[in-house]
Amino acid sequence: MQGYIINITRVKDEDLIVTILTKESIKTAYRFYGARHSTIHLGYKIDFELLSSLKSTLPQLKSVMHLGEVWNAKREHMLLWQAFVRLFYQHLKEINTLDSFYFDLLQSCSTLWQKQNPKRVAIEAYTRLLAYEGRLHHAFVCFSCDEMIEEELTLVRGFLPAHKRCAWNQSFEPLHVKTLLEECSTILFEDSHIDHLWKIVLQGF
Ligand SMILES: [Zn+2]
C-alpha cells in the first residue's frame with residue numbers, strides 16, 4: 001500500500017503513531033522503535049504494510065520504504081511541504097473512507113513542488129480542493145457584512161471574499177482573484193501576494 005505521512009505523534013520514548021493518507025482512506029498505525037528501521041518523516045510518501053494485532057487497537061506499521069522525491073533533501077521545500085500536508089491531517093483526520101481526490105491532489109503537488117514555486121502549487125491545490133468540496137464562493141459578496149464588494153477586495157480562510165475593512169487583510173485585484181477562483185490559477189499574482197495567500201492557506205481548508 002502507498003500513502004503520504006500526514007501526521008506523526010511520538011509516544012513512549014521512541015515509538016510513533018503515524019497517520020497516512022492513502023488513495024481510499026486515512027490509516028493510523030503504530031510504529032515500534034527499532035534501530036534498524038528506516039527513518040520516516042512527516043510528508044514522506046511511503047510504501048508500507050499494516051499488521052493487525054490482537055493486543056492493540058492500532059495495526060503495526062511494517063515494511064516501510066520511502067518513495068523519495070529529489071526535493072525531499074531540500075530543507076526549504078520540505079518545510080513548506082510539511083506545513084501543507086499537516087493541513088490535510090487537520091481537515092481529514094475524522095474521516096475513514098475517502099475519495100482518491102485527496103491522494104491524487106497531493107501526488108500532483110508533489111510532482112510540481114520543485115518545478116514551480118511551491119507556495120503557488122499549494123495555493124492552486126487549496127483552490128481545487130475547495131472547488132471539489134463545493135465551498136468556493138465566486139460572487140464578490142462579503143462573508144462578514146453580506147454586502148457586495150465594490151472595492152478593496154480581500155480573501156479570508158477558505159478563500160471567502162471579504163471587504164478589506166471587514167477582514168483587515170491584504171487587498172487583491174478583483175481580476176486576479178477571479179482567475180484564481182475560476183481557473184485555480186495564480187498566474188496573475190505577484191510573488192508578494194503569493195506570500196499573503198500562502199498565509200491564508202496555512203489557516204486551514
Ligand atoms: Zn464587508
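Residues numbered from 1 in each chain as written. Predicted model: local features only at pLDDT ≥ 70, side-chain atom pairs only at ≥ 80, totals over all residues. Heavy atoms only, no water.

## Observations regarding the packing of aromatic side chains
Inference 1: Using the criterion set out here, one finds 16 aromatic pairs in the structure.
Inference 2: On the basis of an interplanar angle of 65 degrees and a centroid distance of 5.1 Å, the ring pair of W71 and W81 is categorised as edge-to-face. You can see W71 sitting in the loop between β5 (60-66) and α1 (75-92) and its partner W81 sitting in helix α1, a full 10 residues away along the chain.
Inference 3: Look at W81 and you get buried, because its relative accessible area is 0%.
Inference 4: Among the aromatic side chains, those forming a connected cluster through ring pairs are Y4, W71, W81, F84, F88, F103, W113, Y126, F159 and F205. (Phe/Tyr/Trp six-rings, centres within 6.5 Å; stacked < 30°, edge-to-face > 60°. Helix = DSSP H or I, 4+ residues; strand = E, 2+ residues; numbered from the N terminus. Buried < 20%, exposed > 50% of the residue type's maximum accessible area, 1.4 Å probe, protein only.)

## Some points on the environment of E182
Inference 1: Here E182 is to be found in helix α5 (residues 174-183).
Inference 2: As for E182 and W198, which are separated by 16 residues in sequence, their C-alpha atoms are 18 Å apart.

## Side note on the domain arrangement of the protein
Inference 1: According to the domain assignment, the protein consists of domain 1 (2-70) and domain 2 (116-201).
Inference 2: Each of domain 1 and domain 2 has a C-alpha centre, and these two points are 35 Å apart. (Domains from an automatic or database assignment.)

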